[in-house]
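# Structure at a glance
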Amino acid sequence: MGKQYEHIVPRLREFIERQPVYFVATAPLSADGRVNVSPKGRSGTLVVIDELTLAYLDFGGSTAETIAHLRENGRITLMWTAFEGPPNVVRVHGRGEPVFRDDPRFADLLGRFDPSADGSGLRAIVLVHAERVSDSCGFAVPLMDYQGDRDLHAQYFDRKDEEEFNAYCERKEYIGTSIDGLPALPLPLPPRP
């Protein structure tokens, strides 16, 4: 049976911090807009700041749907599921906001992450304020073995300096504007602090 919590209790925090992958879901306000679900997983790129606040590093590589949706309406859901050990699914529903590289909070937020998690291709930090925290059984989630992180993403962006990364973002479709035409990343990207 599912259970709702007033905040991220220590047991859920430990569970969240142990999971190698999680999923982020957002949607535009338009009934015709596209719902977006993105897998996330580079080690150390998510932090639980306090009982109601999380943050994750947003890297280049695909579209900027999450950022566009957050800029429009702020709605976000994060989900973790146990692929090994006892079955469990944890969801955090809340309000999110992109913190861009020129935001005065960016450097302080970045300092909350393990320095090894920072890397080339960092576009923004997504700050999430939890409004609903819940878990459920996860009995139907398959058991799978975690083999390790893929390093292809980091390798690809480590070959680009800031100027090349900016050019990449400017020429890639659905970075400055979402699939549904919403404002996404500010381009050119602000310089890193």
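Criteria and cut-off values
Residues numbered from 1 in each chain as written. Predicted model: local features only at pLDDT ≥ 70, side-chain atom pairs only at ≥ 80, totals over all residues. Heavy atoms only, no water. Helix = DSSP H or I, 4+ residues; strand = E, 2+ residues; numbered from the N terminus. Rg over C-alpha atoms; globule rule 2.2 N^0.38 Å. Buried < 20%, exposed > 50% of the residue type's maximum accessible area, 1.4 Å probe, protein only. Contact = heavy atoms within 4.5 Å. Areas by Shrake-Rupley, 256 points an atom, 1.4 Å probe, with all protein chains shown as cover. Salt bridge = Lys/Arg side-chain N within 4 Å of Asp/Glu carboxyl O. Phe/Tyr/Trp six-rings, centres within 6.5 Å; stacked < 30°, edge-to-face > 60°. Lys NZ or Arg CZ within 6 Å of the ring centre and 35° of its normal. Core = buried A, V, L, I, M, F, W, Y, C linked by side-chain atoms within 4.5 Å.

As a further point, take the overall build of the protein chain. Helix and strand counts for the protein chain stand at five helices and eight strands. Sequence-ordered secondary structure for the protein chain, helices as α and strands as β, is β-α-β-β-β-β-α-β-β-α-β-α-α. Against the 2.2 N^0.38 benchmark of 16 Å for 193 residues, the protein chain shows a C-alpha radius of gyration of 17 Å, consistent with a compact globule. Overall size of the protein chain, expressed as C-alpha extent along the three principal axes, is 50 × 40 × 30 Å. With 193 residues in all, the protein chain has 45% of them scored as buried. Look at the contacts in the protein chain between residues 6 or more apart in sequence, and 72% of them connect residues 24 or more apart. Per element, the accessible surface of the protein chain, about 10400 Å² overall, is 52% carbon and sulfur.

All told, the structure shown has eight salt bridges when counted by the stated rule. The shortest N-O distance in the salt bridge between Asp 180 and Arg 34 comes to 2.4 Å. Taken together, the positions of Asp 180 in the segment after helix H5 (162-171) and Arg 34 in the loop between strand E2 (22-26) and strand E3 (36-40) put the pair 146 residues apart, joining distant regions of the chain. Put simply, Asp 103 and Arg 105 hold a salt bridge, and the shortest N to O gap is 2.9 Å. Arg 105 sits in the partly exposed class, given a relative accessible area of 33%. Members of the salt-bridge network, linked through shared partners, are Glu 97, Asp 103 and Arg 105.

Attention shifts here to unusual backbone geometry. A cis amide bond, omega -5°, links Leu 187 with the succeeding residue Pro 188. The residue Tyr 174 is not glycine, and still its phi comes out positive at about 65°. By the secondary structure assignment, Tyr 174 is in the segment after H5. Judged by its relative accessible area of 32%, Tyr 174 is partly exposed.

This next bit is on the packing of aromatic side chains. Throughout the structure, instances matching the rule amount to seven aromatic pairs. Ring centres of Tyr 156 and Phe 157 lie 5.0 Å apart, and the angle between their planes is 90°; this geometry places the pair in the edge-to-face category. By relative accessible area, which is 32% here, Tyr 156 ends up partly exposed. For Phe 157, a relative accessible area of 2% gives the class buried. Here the guanidinium or amino end of Arg 42 rests over the ring plane of Phe 59, the centre of that ring lying 4.0 Å away.

Another aspect to go through is the nonpolar core. Counting residues in hydrophobic clusters, the biggest one holds 23 residues, and the most contacted among them are Tyr 56, Ile 76, Leu 78 and Trp 80. Those elements giving two or more residues to this core turn out to be helix H1 (10-18), E2, strand E4 (46-50), strand E5 (53-59), strand E6 (75-81), strand E7 (89-100) and strand E8 (122-136). Ranked by residue count, the leading element in this core is E8, at four residues. Discounting residues that sit within four places of it in the chain, Leu 78 has contacts with Tyr 22, Phe 23, Val 24, Leu 46, Tyr 56, Val 90, Arg 91, Val 92 and Val 128. Counting 14 residues, the second largest nonpolar core, distinct from the first, contains Ile 67, Tyr 168, Cys 169 and Leu 189.

These figures capture arrangement, not role.
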